[in-house]
Amino acid sequence: MPALSPSRRRSAATQLKIAPAVTPRDDTRLAWHDAYIAVRAETERRAGPLGPEDQVVQSMADASPTKWHRAHTTWFFEQFLLLPHLPGYQVFDQGFAYLFNSYYVAAGPRHARPRRGLLTRPDAAAVKAFRTHVDAAVVRLLASANEGQLAEVLRILEIGLHHEQQHQELILTDILHAFAQNPVAPVYDAAWQAPPPVAATGFAELPSGVHRIGWRGEGFCFDNECPAHEVLLPQAGIARSLVTNAQWLEFMLDGGYATPSLWLSDGWTTVEAEAWRAPGYWHERDGAWFTMTLAGSVPVAPQTAVCHVSYYEADAFARWAGKDLPSEAQWEVACGAGLIDDAFGNVWQWTRSAYLPYPGYRAATGALGEYNGKFMINQMVLRGSSQATPAGHARESYRNFFPPSARWQFSGVRLADYPE
Ligand SMILES: [Fe+2]
């Protein structure tokens, strides 16, 4: 994955040239200062290959322009960290809260999501200036916060950094969707390559009984990973490997997209309405299948993990294969036991678990309580991480979630198997 190599990320961090107004005065503050600079630089690095025109486009309601992602992540720090905690902080532009609030009702009214692509102004230079303004203030806050407020400052800062990392992945998935609408198939990164999955075969045995899932560590997690709790798992197998394009082609050649009995009712309705006959971004040329990637249009590689499939497709494939999808609890237990390959860094893996609160879940109070809890309806959980997930943003208990029809994310399939 050349585009995301740690060495390039480090060099990008040193290129940001944010001059701290005040030198952080101890190791903890310095570590957070460095983490902040590194994450912010990674966003700019990902936006780097994109020109001003690229950064304005919004190819569908679910996808946002790169410029909007860069501004929204900055607004997050301004709104939730600087305004409450940095005395005398001067808002960069009073109009930006309306433009760049995403869905935080408690933080005030906001611009309609499907209309983000109409924001030619503020232009790219203004968004860059916004980022620089907020970066300087965050650095100032880190250096000046008194010991009594530091814990809360760092708590919000940490959420903001993980939030920005989520948007870093969206920058890539959203621009890929935009580029896929362009007949000349633009290249984001000519060196981009999907990682080859481990070529393991067969199913690992998942022991039945009571297991514990959810976040139990000391570090950061999102509230939807809590509380840790016990689950009862049946005896089952879980595929060691990811489903490949070669396997998906078998499904297609066997009429997978033309056999209603394989599909959930909503899935079949979507197949017909969207005329699906292959994964997202696949296109046929002279009898061969190609797929749109961040490196442009490339031939479908048989041994690469299938990508850009929806939950509906994952479910239909599993039914065709005479298998199942793992539950998110099965996935997490298998991952923790080291039973599966390519859990992280290739494709997110759909589970058959609806995105629901864990028993005893309570969303945080205030605006940040809107982060996860209010979306716990009509979505399915994906586990693992993808080739577009930034380094340091993956863990066993992480719960990603999207509607069952979504396929513009780097989403793939791992099967489960139950004894007869
Ligand atoms: Fe956001």
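Residues numbered from 1 in each chain as written. Predicted model: local features only at pLDDT ≥ 70, side-chain atom pairs only at ≥ 80, totals over all residues. Heavy atoms only, no water.

Visitor: So what exactly am I meant to see when it comes to the overall build of the chain here?
Guide: Along the chain, the regular secondary structure elements total 10 helices and 12 strands. Considering only C-alpha atoms, the chain reaches an extent of 65 × 50 × 40 Å along its principal axes. Within the chain, residue pairs in contact and separated by at least 24 positions form 79% of the contacts whose partners lie at least 6 positions apart. Of the roughly 17900 Å² that the chain leaves accessible, carbon and sulfur atoms contribute 55%. Taking the average place of the 35 positive charges on the side chains of the chain and the average place of its 42 negative ones, the gap between the two points comes to 5 Å. (Helix = DSSP H or I, 4+ residues; strand = E, 2+ residues; numbered from the N terminus. Contact = heavy atoms within 4.5 Å. Areas by Shrake-Rupley, 256 points an atom, 1.4 Å probe, with all protein chains shown as cover. Lys, Arg positive; Asp, Glu negative; His and termini not counted. Charge placed at Lys NZ, Arg CZ, Asp CG, Glu CD.)

Visitor: Teacher, can you tell me more about the confidence of the model for the chain here?
Guide: A low pLDDT score tells you not to read the predicted coordinates there in detail. Taken over all residues, the pLDDT of the chain has a mean of 92, while the share at 70 or more is 94%. Per-residue pLDDT stays below 50 along residues 1-22; that stretch engages in 40 contacts with residues further than four places along the chain or on separate chains. (pLDDT = per-residue confidence, 0-100.)

Visitor: In this structure, what is going on with the coordination of the iron ion? I would like to understand it.
Guide: Put simply, a metal with four donors set out as a tetrahedron has ideal angles of 109.5 degrees, and one with six donors set out as an octahedron has ideal angles of 90 or 180 degrees. Donor atoms from the polypeptide that coordinate the iron ion comprise His 72 (NE2), His 163 (NE2) and His 167 (NE2), at 2.1 to 2.2 Å from the metal. Donor residues for the iron ion, ordered by position in the chain, follow H-x90-H-x3-H. Taken together, the positions of His 72 in helix α3 (residues 66-85) and His 167 in helix α6 (residues 147-180) put the pair 95 residues apart, joining distant regions of the chain. By the burial criterion, His 72 is buried, and His 167 matches it. (Donors = N, O, S within 2.8 Å, 3.2 Å for Na, K, Ca; no water. Buried < 20%, exposed > 50% of the residue type's maximum accessible area, 1.4 Å probe, protein only.)

Visitor: Honestly, the packing of helix α2 (residues 27-47) against α3 in this entry has me stumped. Any pointers?
Guide: The angle between the axes and the distance between the axes are what describe a pair of packed helices. Running from N to C, α2 and α3 point in directions that differ by 165 degrees, and their axes come no closer than 10 Å. Classified by the angle between their axes, α2 and α3 sit roughly antiparallel to one another. When you trace α2 past α3, the crossing you get is left-handed. Contacts from Tyr 36, Arg 40, Thr 43, Glu 44 and Ala 47 of α2 reach α3 at Thr 66, Arg 70, Thr 73, Thr 74 and Phe 77. Split into classes, the residues belonging to the contact of α2 with α3 amount to three nonpolar, four polar and three charged. (Axes fitted to C-alpha atoms, helices over the stretch in contact; angles between N-to-C directions. Parallel < 35°, antiparallel > 145°, perpendicular 65-115°, else oblique. Left-handed = near helix turned anticlockwise from the far one by under 90°. Nonpolar A, V, L, I, M, F, W, Y, C, P; charged D, E, K, R; others polar.)

Visitor: Looking at this structure, I do not really get the packing of α2 against α6. What am I missing?
Guide: The N-to-C vectors of α2 and α6 enclose an angle of 20 degrees; their axes lie 10 Å apart at closest approach. One finds that α2 runs roughly parallel with respect to α6. Two packed elements cross with a definite hand, and for α2 against α6 that hand is left-handed. Contacts between α2 and α6 involve Thr 28, Arg 29, Trp 32, Ala 35, Tyr 36, Val 39, Arg 40, Glu 42, Thr 43 and Arg 46 from the former and Glu 147, Leu 150, Leu 154, Leu 157, Glu 158, Leu 161, Glu 164, Gln 165, Gln 168, Glu 169, Ile 171 and Leu 172 from the latter.

Visitor: Help me out: how do you make sense of unusual backbone geometry in this one?
Guide: Among all residues except glycine, the phi angle is most often negative; among peptide bonds, the trans geometry is most common. For the bond running from Arg 121 to Pro 122, omega is 0 degrees, close enough to zero to count as cis. Take Pro 122: it is sitting in the loop between α4 (96-100) and α5 (124-144). Cis geometry is found at the peptide bond from Cys 226 to Pro 227, where omega equals -5 degrees. Inspection of the secondary structure assignment puts Pro 227 in the loop between β2 (209-213) and β3 (229-233).

Visitor: When you look at the sheet that holds strand β6 (residues 288-293) in this model, what are you seeing that I'm missing?
Guide: Two strands in a sheet stick together by hydrogen bonds in their backbones, pointing the same way (parallel) or opposite ways (antiparallel). Read from one edge to the other, the open sheet built from three strands follows the order β5-β6-β7, with strand pairing classed as antiparallel. Since the sheet does not close on itself, it has two edges, and those belong to β5 (282-285) and β7 (296-299), each with one partner. Averaged over neighbouring strand pairs, the angle between their axes works out to 40 degrees when direction is ignored. Where β6 meets β7, four bridges bridge the pair, whose relative direction is antiparallel. Among the inter-strand pairings, Met 292 is bridged to a residue of β7, identified as Ser 297. (Pairing = 2+ DSSP bridges.)

Visitor: Hey, could you run me through the sheet that holds strand β12 (residues 416-417) in this one?
Guide: An order of β1-β4-β12 is seen for the three strands of this open sheet, with the pairing classed as antiparallel. Looking at the sheet topology across the chains shown, the edges are occupied by β1 (203-206) and β12. Strand direction decides the pairing type here: strand β4 (residues 236-239) and β12, joined by two bridges, are antiparallel. Note that in β12 the partner of Ile 238 across the bridge is Ala 416. The strands touched by helix α10 (residues 328-336) are β1 and β4; relative to β4, the strand with the most contacts, the crossing angle is about 70 degrees.

Visitor: Can you help me understand the nonpolar core in this one?
Guide: The nonpolar side chains of a soluble globular protein tend to be buried with one another. Leu 157, Trp 248, Trp 263 and Val 413 are the most contacted members of the largest nonpolar core, which has 93 residues in total. Apart from residues no more than four positions distant in its own chain, Val 413 is found in contact with Leu 242, Val 243, Trp 248, Val 306, Val 309, Ala 314 and Leu 325. (Core = buried A, V, L, I, M, F, W, Y, C linked by side-chain atoms within 4.5 Å.)

Visitor: Would you mind going over the pairing of β4 with me for this structure?
Guide: Both faces of the sheet carry side chains from a regular strand, because those side chains alternate between them. Residues Ala 236 and Ile 238 line one face of β4 and the alternating positions Gly 237 and Ala 239 line the opposite face, and both faces are buried. Taken together, the four bridges between β1 and β4 define a ladder with antiparallel strand orientation. If you follow Phe 203 over to β4, its bridge partner there is Ala 239.

Visitor: When you look at the packing of aromatic side chains in this model, what are you seeing that I'm missing?
Guide: When we look at a pair of aromatic rings, we describe it by the centre distance and by the angle of the planes. Counted under the stated rule, the structure contains 32 aromatic pairs. Considering the side-chain rings of Phe 96 and Phe 100, the 5.3 Å spacing of their centres and the 85 degrees angle between planes classify their relative orientation as edge-to-face. Of the two residues, Phe 96 and Phe 100 are both situated in helix α4; the distance of four residues between them amounts to about one turn of the helix. The residues Phe 96 and Phe 100 share a single accessibility class, namely buried. The interplanar angle of 85 degrees and the centroid separation of 5.4 Å between the aromatic rings of Phe 402 and Trp 408 together place this pair among those described as edge-to-face. Accessibility classification places Phe 402 together with Trp 408 in one group, the buried group. Arg 116 extends its terminal NZ or CZ atom over the ring of Trp 68, reaching a point 3.6 Å from the ring centre. Across the ring face of Phe 290, the terminal group of Arg 285 is positioned such that the distance to the ring centre comes to 3.9 Å. (Phe/Tyr/Trp six-rings, centres within 6.5 Å; stacked < 30°, edge-to-face > 60°. Lys NZ or Arg CZ within 6 Å of the ring centre and 35° of its normal.)

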